[in-house]
Amino acid sequence: MAIRARVTVTLKNGVLDPQGKAIEGALSTLGFAGVGQVRQGKVFDIELEGTDKAKAETDLTAMCEKLLANTVIEDYAVEIAG
Amino acid sequence: MKSAVVLLPGLNRDRDMIAALTTITGQKPHTVWQTETEIPDVDLIVIPGGFSYGDYLRCGAIGARMPVMQAVAEKARQGVMVMGVCNGFQILLEAGLLPGALMRNATLKFVCREVKLEITNANTAFTRGYQAGQIIRCPVAHHDGNYFADDETLKRLESEGQIVFRYAEGTNPNGSVNDIAGIVSSTGNVLGMMPHPENLIEAAHGGTDGRALFAGALGLAA
């Protein structure tokens, strides 16, 4: 048994995202009308041994704080598959 | 005066940094590999530029978590002078030894050219060889040099004189907030900067504007 989790890391509000801006521009170049703001982020799919979801959540939060996110500029969300 | 250069896979400015330190101190710096947990007694520890771990995850993120960085943090706490240039700056930020973060250049382009730097604070050990307001030449070469910090941190950096180098008017190559090119820690002994002073040391480089920085950090006359 393994626990599957998805960690999403996104830029905090107010942090300039030049890559998101470039993607936004490219989408309108392609003719997609009505595209508002685009913000780029990262997704990590992580497998964890064991079945203890509470422990997994604690561990994943620690992983975000210590490595996966730079909390100066990024927010993170942890999602554990049901 | 003794110095040490931290080595991580993917750094590529280590040879330039070693050459600069050798020229200035008259002796080769120690080199300290990423897995080492002890750094010899030195006056200055330098983390050079490059692309440690291929900039995977975030620039400097993986390198900042290697064992050697705990040793660097301990030395910094003891008051040893620590300097990070380019990727070294990114690593110091990711390691929490300096505040803020470096993001992708606002233009999204890699910039490799000479800029002008203004010495914003000449009252630090690193910048004592310059005059406040002096403009020096310095090359930059980076993709992620766009300095960012929250408003509260910026206010503190400004009011405490922790911003030591700014891109001189009109030369900001990366969108850094407040034109910040280099900052020191609140304790004054840790410096991070994006430009490469190690590349302006000898007349053959086309200029020697970087020399006073190393001389200052090492307590030598430039």
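The rules behind the values
Residues numbered from 1 in each chain as written. Chains lettered and ligands numbered in written order. Predicted model: local features only at pLDDT ≥ 70, side-chain atom pairs only at ≥ 80, totals over all residues. Heavy atoms only, no water. Contact = heavy atoms within 4.5 Å. Buried area = accessible area lost by both parts, 1.4 Å probe. Salt bridge = Lys/Arg side-chain N within 4 Å of Asp/Glu carboxyl O. Polar contact = N/O pair within 3.5 Å; in protein donor to acceptor, adjacent residues only side chain to side chain. Helix = DSSP H or I, 4+ residues; strand = E, 2+ residues; numbered from the N terminus. Expected span 1.5 Å × (residues − 1). Buried < 20%, exposed > 50% of the residue type's maximum accessible area, 1.4 Å probe, protein only. Arc of directions from axis to C-beta. Pairing = 2+ DSSP bridges. Axes fitted to C-alpha atoms, helices over the stretch in contact; angles between N-to-C directions.

1. Quick word on the interface of chain A and chain B
Thinking step 1. The interface is formed by 17 residues belonging to chain A together with 14 residues belonging to chain B.
Thinking step 2. Carbon and sulfur atoms make up 69% of the area that chain A and chain B hide from each other, which totals about 1200 Å².
Thinking step 3. Taken as a group, A:Pro18, A:Leu67 and A:Val72 account for 36% of the area that chain A buries against chain B, more than any other trio of residues on that side.
Thinking step 4. Counting every contact that joins chain A to chain B gives one salt bridge.
Thinking step 5. Here A:Glu74 makes a salt bridge to B:Arg58, at a shortest N to O gap of 3.7 Å.
Thinking step 6. Inspection of the region where chain A meets chain B yields five residue pairs in polar contact (both at pLDDT 80 or more).
Thinking step 7. Elements that contribute at least two residues to the side of chain A that touches chain B include exactly helix 1 (18-29), strand 2 (41-49) and helix 2 (53-68) of chain A.

2. Structural notes on helix 2 of chain A
Residues and elements named next belong to chain A.
Thinking step 1. Here helix 2 contains 16 residues, and its C-alpha end-to-end distance of 19 Å is more than 12% below the 22 Å for a straight helix at 1.5 Å per residue.
Thinking step 2. Listed as buried for helix 2 are Ala56, Leu60, Cys64 and Leu68. Burial along helix 2 is one-sided: seen end-on, the buried residues are contained in an arc of 80°. Residues Ala54, Thr58 and Lys66 are exposed on helix 2 and point more than 90 degrees away from its buried face.
Thinking step 3. Check the buried side of helix 2 and you find it contacts strand 1 (2-11), strand 2 and strand 3 (74-80).
Thinking step 4. Sitting at the amino-terminal end of helix 2 is Asp52, which places a side-chain oxygen 3.1 Å from the backbone nitrogen of Ala54.

3. What to know about the sheet that holds strand 1 (residues 3-7) of chain B
Backbone-to-backbone hydrogen bonds join strands into a sheet, with any given pair of strands oriented parallel or antiparallel.
All names here are of chain B.
Thinking step 1. Pairing within the open sheet is mixed, and its nine strands lie in the order 2-1-3-4-11-10-9-6-7. Of all strands in the sheet, those bounded by a partner on one side alone are strand 2 (30-33) and strand 7 (135-142). The sheet shows a mean angle of 25° between the axes of neighbouring strands, direction not considered.
Thinking step 2. Bridge count between strand 9 (residues 163-167) and strand 10 (residues 180-184): three bridges; the pairing is antiparallel. Bridged to Arg166 within strand 10 is Ile180.
Thinking step 3. Along the sheet, helix 1 (residues 14-25) contacts strand 1, strand 2, strand 3 (44-47) and strand 4 (81-85); its crossing angle with strand 1, the most-contacted strand, is approximately 175°.
Thinking step 4. Packed on one face of the sheet, helix 2 (residues 67-77) meets strand 1, strand 2, strand 3, strand 4 and strand 11 (190-193) and runs near 140° to strand 3.

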